[in-house]
Amino acid sequence: MSQMLTIAAEELENPLIPPIPELVIGLIAFVIVFGFLAKKLLPNINKVLEQRREAIEGGIEKAEAAQTEAQSVLEQYKAQLAEARHEAARLRQEAQEQGATLIAEMRAEGQRQRDEIVAAGHTQIEADRKSAAQALRQDVGQLATALAGKLVGESLEDHARQSRTIDRFLDELEEKAEAAR
């Protein structure tokens, strides 16, 4: 029976609930370990966590500063690019204006040279015409004097008389030619 009683007493004990002395010893050991961890390990953990937090915040601040600086550089680049485009457009406009001015100057110079060449040509033609008229006048005069001399039967070798006769004859021819027009 005693054995049965022992078995019955063991059955009454809950296996999930430890005996009280073990529970007290475990609780004291837990408080000692927890106190040791709180005194020694917890400040180190908090220190490491604080360093990580500062590093992360510093990294975020650095990233924000870098982003702000990058944005500033981008704005400067855009401003310089716009200025360069404006300058290129201005230079292109100036080049076009200079080209148009140069073309106008070259045209004016060409026109002036053409006018000079035409005027020189007219002058040369007028001089050649006068020279040809003078030569023709002399040839016609000599032929007329020779013919008149043959008709009259006397020599018209006197130069003054010959000039007057030739001039009179040619003047009459010119008057007839103008009248015919």
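Residues numbered from 1 in each chain as written. Predicted model: local features only at pLDDT ≥ 70, side-chain atom pairs only at ≥ 80, totals over all residues. Heavy atoms only, no water.

Asks: It is not clear to me how the overall build of the protein chain should be interpreted in this structure. Could you clarify?
Replies: Helix and strand content of the protein chain: 3 helices and 0 strands. Reading the secondary structure of the protein chain in the N-to-C direction produces α-α-α. The proportion of buried residues among the 181 residues of the protein chain is 4%. When the accessible surface of the protein chain is totalled, it reaches about 16,200 Å², and 62% of it is carbon and sulfur. (Helix = DSSP H or I, 4+ residues; strand = E, 2+ residues; numbered from the N terminus. Buried < 20%, exposed > 50% of the residue type's maximum accessible area, 1.4 Å probe, protein only. Areas by Shrake-Rupley, 256 points an atom, 1.4 Å probe, with all protein chains shown as cover.)

Asks: Could you clarify how one ought to interpret the packing of aromatic side chains in this entry?
Replies: For any pair of aromatic rings, the description rests on two quantities: the centre-to-centre distance and the angle between the ring planes. Following the criterion strictly, the structure yields 1 aromatic pair and no others. Between Phe30 and Phe34, the aromatic rings sit 6.0 Å apart at their centres with planes inclined by 20°, giving stacked as the arrangement. Highlighted residues: Phe30 and Phe34, both in helix α2 (residues 20-152), separated by 4 residues, approximately one helical turn. Residue classification places Phe34 among the exposed residues on the basis of a relative accessible area of 53%. (Phe/Tyr/Trp six-rings, centres within 6.5 Å; stacked < 30°, edge-to-face > 60°.)

Asks: What's the story with the pattern of salt bridges in this structure? I'm lost.
Replies: Where charged atoms of side chains with opposite charge meet at close range, the side chains can pair. Summed over the entire model, instances satisfying the criterion amount to 8 salt bridges. The partner of Arg53 in a salt bridge is Glu57, and the shortest N-O contact between them spans 2.8 Å. A residue pair is termed a helical-turn pair when its members lie 3 or 4 positions apart in one helix, as Arg53 and Glu57 do in helix α2 at 4 residues. The class for Arg53 is partly exposed, based on a relative accessible area of 36%. (Salt bridge = Lys/Arg side-chain N within 4 Å of Asp/Glu carboxyl O.)

Asks: Help me out: how do you make sense of a nonpolar patch on the surface in this one?
Replies: Judged by side-chain polarity, Val33, Phe36, Leu37, Leu41, Leu42, Ile45 and Leu49 come together as a nonpolar surface patch covering roughly 610 Å² of accessible area. Position of Leu49 relative to the elements: it lies in helix α2. (Patch = residues over 30% accessible without salt bridge, like charges linked within 9 Å, V, L, I, M, F, W, Y side chains within 5 Å.)

Asks: Looking at this model, I keep getting lost on the confidence of the model for the protein chain. Mind explaining?
Replies: In regions of low pLDDT, the predicted coordinates are not meant to be interpreted in detail. Averaged over all residues, the pLDDT of the protein chain is 83; the fraction at 70 or higher stands at 84%. Mean pLDDT across the elements of the protein chain bottoms out in helix α1 (residues 2-12) (59) and peaks in α2 (88). (pLDDT = per-residue confidence, 0-100.)

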